[in-house]
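# Analysis of the macromolecular model
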Amino acid sequence: MILETLDLDFADLERRTGWAIRPEGACKDDRCVPLPGDGSGATVDARVLAERLNMPLIHDEQAGVWALGPEGGGRALQSAQAPELLLPDWRGDEVRLSSLRGQKVLLVAWASW
Amino acid sequence: MWQELRTELHPRGLEIVTVALDANVEAAQRVIEAAKPEHPSLIDEAHLVDELFGVVNVPSGVWIDEEGMIVRPPEPAFPGRSAYRMTHVPDNLPPQLKAMLEEAQKIRTEPEKYVAALRDWVDRGAGSEYALSRGEVIERSRPRPIEEAEGAAHFELAEHLHRRGQTDDAVRHFREAHRLQPDNWTYKRQAWSLADPLQGPTEQYEGDWLSDVRKIGAENYYPPLRM
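Residues numbered from 1 in each chain as written. Chains lettered and ligands numbered in written order. Predicted model: local features only at pLDDT ≥ 70, side-chain atom pairs only at ≥ 80, totals over all residues.

## A few points about the pairing of strand β1 (residues 14-20) of chain B
Most of β1 of chain B is tucked away: six of the seven residues are buried. For strand β12 (residues 104-110) of chain A and β1 of chain B, the ladder comprises seven bridges, and the chain directions are parallel. Looking across to β1 of chain B, one finds that V105 of chain A is bridged to E15 of chain B. Across three bridges, the pairing between β1 of chain B and strand β2 (residues 41-43) of chain B is parallel. Bridging across to β2 of chain B, T18 of chain B finds its partner in S41 of chain B. One crossover worth recording links β1 of chain B to the parallel β2 of chain B by way of helix α2 (residues 25-35) of chain B, and it is right-handed. (Buried ≥ 20, exposed ≤ 12 C-beta atoms within 10 Å, placed from the backbone. Helix = DSSP H or I, 4+ residues; strand = E, 2+ residues; numbered from the N terminus. Pairing = 2+ DSSP bridges. Right-handed = clockwise from strand over helix to strand, strands pointing away.)

## Some remarks on the domain arrangement of chain B
All names here are of chain B. In terms of domain boundaries, chain B breaks down into domain 1 (3-83 + 109-140) and domain 2 (146-220). Averaged C-alpha coordinates put domain 1 and domain 2 at centres separated by 24 Å. Classifying every residue of the side of domain 1 that touches domain 2 gives six nonpolar, two polar and three charged. (Domains from an automatic or database assignment. Nonpolar A, V, L, I, M, F, W, Y, C, P; charged D, E, K, R; others polar.)

## Section: the interface of chain B and chain A
Across the contact, 69 residues belong to chain B and 48 residues belong to chain A. At 11 residues, helix α7 (residues 146-163) of chain B tops the list of elements feeding residues into the side of chain B that touches chain A. (Contact = placed C-beta atoms within 7 Å.)

## Details of the sheet that holds strand β7 (residues 57-60) of chain A
If you trace the three strands from one edge of the open sheet to the other, you get β1-β8-β7 (chain A), paired in antiparallel fashion. Sheet topology places β1 (2-3) and β7 of chain A at the edges, where each strand pairs with a single neighbour. Sheet topology places β7 of chain A next to strand β8 (residues 65-68) of chain A; four bridges connect them, and they run antiparallel. Within the sheet, the bridge partner assigned to D60 of chain A lies in β8 of chain A and is V65 of chain A. Taken strand by strand, α7 of chain B contacts β1, β7 and β8 of chain A, and its axis lies near 140 degrees from that of β8 of chain A. (Axes fitted to C-alpha atoms, helices over the stretch in contact; angles between N-to-C directions.)

## Some thoughts on unusual backbone geometry
Peptide bonds are trans in most cases, and residues, glycine excluded, mostly fall at negative phi. In this model, V58 of chain B is joined to P59 of chain B through a cis peptide bond whose omega is -5 degrees. With respect to the helices, strands and loops of the structure, P59 of chain B is situated in the loop between α3 (48-53) and β3 (60-64). Residues other than glycine seldom take positive phi values, yet D29 of chain A does so here, at roughly 50 degrees. The class for D29 of chain A is exposed, based on 12 C-beta atoms found within 10 Å.

Structure below.
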């Protein structure tokens, strides 16, 4: 996740990573990791979140941006629940993977290169 | 490439979603437009499916059931025929391209096996022997030590800077992503293709498609299907 500031917006975080900030901490699927504070407000310090969730936070000083990576130390899939995927289709309209619930889905990654 | 299978299996309850891992959006759009797909065809400039699902090569397929549970994590997915197979590599090609096509002929793919398993799952659902348990899905997904997670962050940064036109900065982070996830072919081929459409040797990168495939052996380019 690309960050322009270390004040990480709750809604942006959840949309991109599935991690939601609640009173009990950062939560995803059936897991919650405690965070300092009570989950009120609208932002969390990206450095604190990265440390608690074992996520890399890479800074490019020249460009003035950070990248928050996925949780390290486990597996790419920490749960069998399909992560939300929000991407534009080839005409530019946003599509949510979860909008296909109720059907079997074959997700295929390919590339033109 | 997938429309034919979609026509067959959509009436039986399967939707196909394709995700193009392309920083060059126009290149993906041209291919999709020509294929006239009836299914959602998405574009993933930053290779988010690598981070979110553990994809490291293309084509990769993930099976998701009606409740949104993954029943097979990423694995090589071919729709009944392989794009790599040619009956004959023409002689009059530039040497680099000819060498690449000849190497590609040695890549192992298992399209018949894959499609047979897919049909079985579409018809039998959880009763299919190919639908894996939740534990097995997690266990078969890619291990993610912290270096791999760092590689994902560098790749996203690289793609972001490339999009902003900061090409040299992007190259630094692409190289870090390659160092941290040396067997991630989408990270490597994306960066190589931006420097040279044929993915041949360049000044920016240590590897190139032909050298890297020869290093591991073309027969190991895809893991065998565990079906």
